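Coordinates in review
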Amino acid sequence: MEWKKKLEVLWEVTLRLPPIFVMDCILNKSFLPGFTLFQYQPSMSWLEYILWIFIMTFVFALAVVVFLLSTSQIQDIYSFTAMVTFLMMSYTWNQGIPTLAENQSSTHHSHDFYDLTQNAVTQLFLAYSFSYIWMLRQRTLPRTEIKAIISLGMMTSFMFPAIVYLVCPNSEYLSWVPVISMVGPTFAIAIEVFGSVRALVWTFRQAYNVIKITLSAIGIQGFVEHHWIRLQVPKVLRVFWITRLFYQLTLLCVEDYSQRDESQHLLYSLDYYSIVIRLFTQSCENYIAMLGMTSVVSYFAHHVGVFLAFCVGSDSEEDRNMGTVSAILFFILGLQTGLTGLRPEVRLARLCKNFCLLLTAISHFIHSMIHPILMSLSASQSSNVVRHLRVLSMCVFLLTFPTCLLMYLWSNYSISTWLLSVTAFSVEVMFKVIISLTVYALFLFDAYRNTFWEGLDDYVYYIQSTGNTIEFLFGIFLFCNGAWIMVFESGGAIRAFMMCIHAYCNIWVQAKNGWQVFTKRRTAVNKINSLPQASKSELESLNDVCAICYHELNNARITRCQHYFHGVCLRKWLYVQDNCPLCHKLIYAPENVTTNAQENNNQDEYEEDINPGAMAPIHGEIAAGQPQFNPVIERQEVGRRLNNGTFQPANTLRVHQD
């Protein structure tokens, strides 16, 4: 059953390849070069050029529509195209019948008989193929006898010129016989076209309704993802690119061999280096070919990501998305640098530079994969040495690989904006790895301490703030570098758009989030400093643990409600809310709190003491249908909203680590 499903997928992928090749030929200006109407010529007039653009646009749109159809609809279109192709081939072969009659002579009788036999065999094969496809398309005919009679008539039409030549070889109307033989099959095709127009209108109307309902139900993203999977787009692009690569490899080998000495052996006479260079240069010469190469890069990156996730012991699905991230980055780099519009020799160099940038971006993805694992291992006090060694070995790789890459690039290339970008990405990932290892070491050291380390929070905050500041500065540097490229080297709308996204996501959002964390921390520190410090005698008489971290209270802050907490723990709690973790009273009351708010707070406390866990006493008359207030239920609701993220801070991970 599994093999059957794989064969079905292979069949679907194969059916969608021809439209992709048609689009590729149109972008290469090589679609049907034998036809004058479709052939591009630099010397054509502007009217001919507009006509050529219109025809190519129509054919390209038609290929896109065929690619988007279902498998059964594509099979119907291919069967109809095959019928038309067989009919045209039959007409071309039958045009040689009048030529045989004109050249008929006694000396060439055997040769004419051989040509006639060859024509008859060919027509018989074409007739059988035409009638077989026609019968497959006729799903509504009730009886098999009717299909057999119509099929016999079509085969007779194909063989009609050969029969007439045998009966009346000297007839003056023999030149009209090939045209007459096409009447029956053409009539059958016309009936098919007439019946397909109605079905085509119904299909487009139904597709419009389905698209409208689907978009309203699951949105644009869900709609695109559904059809991306249905059309098998990555597999189709991969098979297309590999097929195209082997086809071009064959042409280049034949071309190179034809220009060399025929006495040499084929394997020793080819210039493999130049063939490989030209092959990769032509493998991304238009957008369709670049999409195919992107799919192949995504395939290899996906398996590399799965292997790395296995090595570091990651079970997260997000860590297995390296293929998707690599595909997006590679295609964006190709669009930014104008890869398809470059000269072949420049395109190869630009392609290698894009791969270097992609490798540095993948190193950032690997760091985002191992960073949470490092933090979890250090905080969980895991004694599994193998897991620690796996992640630490990956950190060593992230420090070694960018260093070796930069040493090679700076020793072989002169300074340029591209080299500065690769350097910035590489140095940034090395700094991030060092920051992660430092925090990991601090957490690991704290895990094996017997006493509570109050200064850990400050150390982690300062180290991570330093890393975030360095990352922010690298973002500004890369933005300035991209602005220089756009102004003085190669501009474009795509590069400008990507620079805007970079400025918003990596500069503005990061700066805003960092400032929010800083203000929250500063506010929490000010609130904690306003609370009194517990003395040793008070802590000894209390003889309790912190209700937040459950560690021993060596030092503590006393809240307004006379509860004792670590200052660091209480500071983290104040990132989330200002109420006491135990009694839910305000921990810190600003000086401008009004007397009415304090009285309301005292009144609520009095009501809760009188009637704990039940309905609050009624003050005045309650309107009919108005819900009654229950403080216990209200606190549960606040806790539920807190857990669901309603009262989450701007950066939860940062708060957790701080």
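The rules behind the values
Residues numbered from 1 in each chain as written. Predicted model: local features only at pLDDT ≥ 70, side-chain atom pairs only at ≥ 80, totals over all residues. Heavy atoms only, no water. Helix = DSSP H or I, 4+ residues; strand = E, 2+ residues; numbered from the N terminus. Buried < 20%, exposed > 50% of the residue type's maximum accessible area, 1.4 Å probe, protein only. Contact = heavy atoms within 4.5 Å. Areas by Shrake-Rupley, 256 points an atom, 1.4 Å probe, with all protein chains shown as cover. Disulfide = S-S within 2.5 Å. pLDDT = per-residue confidence, 0-100. Core = buried A, V, L, I, M, F, W, Y, C linked by side-chain atoms within 4.5 Å. Phe/Tyr/Trp six-rings, centres within 6.5 Å; stacked < 30°, edge-to-face > 60°. Lys NZ or Arg CZ within 6 Å of the ring centre and 35° of its normal.

**Side note on the overall build of the protein**
- Tallying secondary structure elements over the protein gives 24 helices and 2 strands in all.
- Sorting the 658 residues of the protein into buried and exposed places 35% on the buried side.
- Of the contacts formed within the protein by residues at least 6 apart in sequence, a portion of 66% connects residues at least 24 apart.
- In the form shown here, the protein has an accessible surface area of approximately 40,000 Å², with 65% of it arising from carbon and sulfur atoms.

**Quick look at the side chain of S436**
- In this fold, S436 is placed in helix α17 (residues 417–447).
- For S436, a relative accessible area of 3% puts it in the buried group.
- Those residues in contact with S436 that lie beyond four places of it in its chain are H367, H371, L374 and M375.

**Structural notes on the state of the cysteines**
- All told, the structure shown has 0 disulfides when counted by the stated rule.
- With no disulfide of its own, C546 lies 3.9 Å from the sulfur of C549, the closest cysteine sulfur.
- Here C546 falls in the buried class, since its relative accessible area comes to 0%.
- Unpaired in terms of disulfides, C583 finds its nearest cysteine sulfur in C561, a separation of 3.4 Å.

**Focus on the side chain of S314**
- Mapped onto the elements, S314 comes out in the loop between α13 (287–312) and α14 (322–336).
- For S314, a relative accessible area of 6% puts it in the buried group.
- What S314 contacts, discounting residues up to four positions off in sequence, is A309, D319, R320 and I373.

**Side note on the confidence of the model for the protein**
- Summarising the model, the protein shows a mean pLDDT of 79, and 80% of its residues fall at 70 or more.
- Under a pLDDT of 50 for its full length, residues 592–658 has, in the predicted model, 52 contacts with residues more than four places off or in other chains.

**Section: the nonpolar core**
- Ranked by internal contacts, the top residues of the largest apolar core, which has 42 residues, are M293, V312, M322, I366, M369, I370 and V391.
- Secondary-structure elements contributing two or more residues to this core are α10 (233–258), α12 (272–282), α13, α14, α15 (344–379), α16 (385–412), α17 and α18 (456–489).
- At 11 residues, the largest contribution of residues to this core is made by α15.
- Setting aside its immediate chain neighbours within four residues, I366 contacts L308, M322, M394 and L398.
- Membership of the second largest hydrophobic core comes to 19 residues, among which are I528, C546, F565 and L570.

**Quick notes on the packing of aromatic side chains**
- Tallying each qualifying case throughout the model produces 12 aromatic pairs.
- Between F21 and F240, the aromatic rings sit 5.0 Å apart at their centres with planes inclined by 70°, giving edge-to-face as the arrangement. Here the residue F21 occupies a position in helix α2 (residues 17–27), and F240 occupies one in helix α10, the gap between them amounting to 219 residues.
- Exposure remark for F240: the relative accessible area of 0% places this residue in the buried category.
- Measuring from centroid to centroid gives 5.5 Å for Y413 and W418, while their planes differ by 75°, and the two rings are edge-to-face.
- For Y413, a relative accessible area of 40% puts it in the partly exposed group.
- Under the relative-accessibility criterion, W418 is labelled buried at 7%.
- The ring of W3 has K6 lying over it, and the distance from NZ or CZ to the ring centre is 5.1 Å.
- K353 extends its terminal NZ or CZ atom over the ring of W418, reaching a point 5.3 Å from the ring centre.

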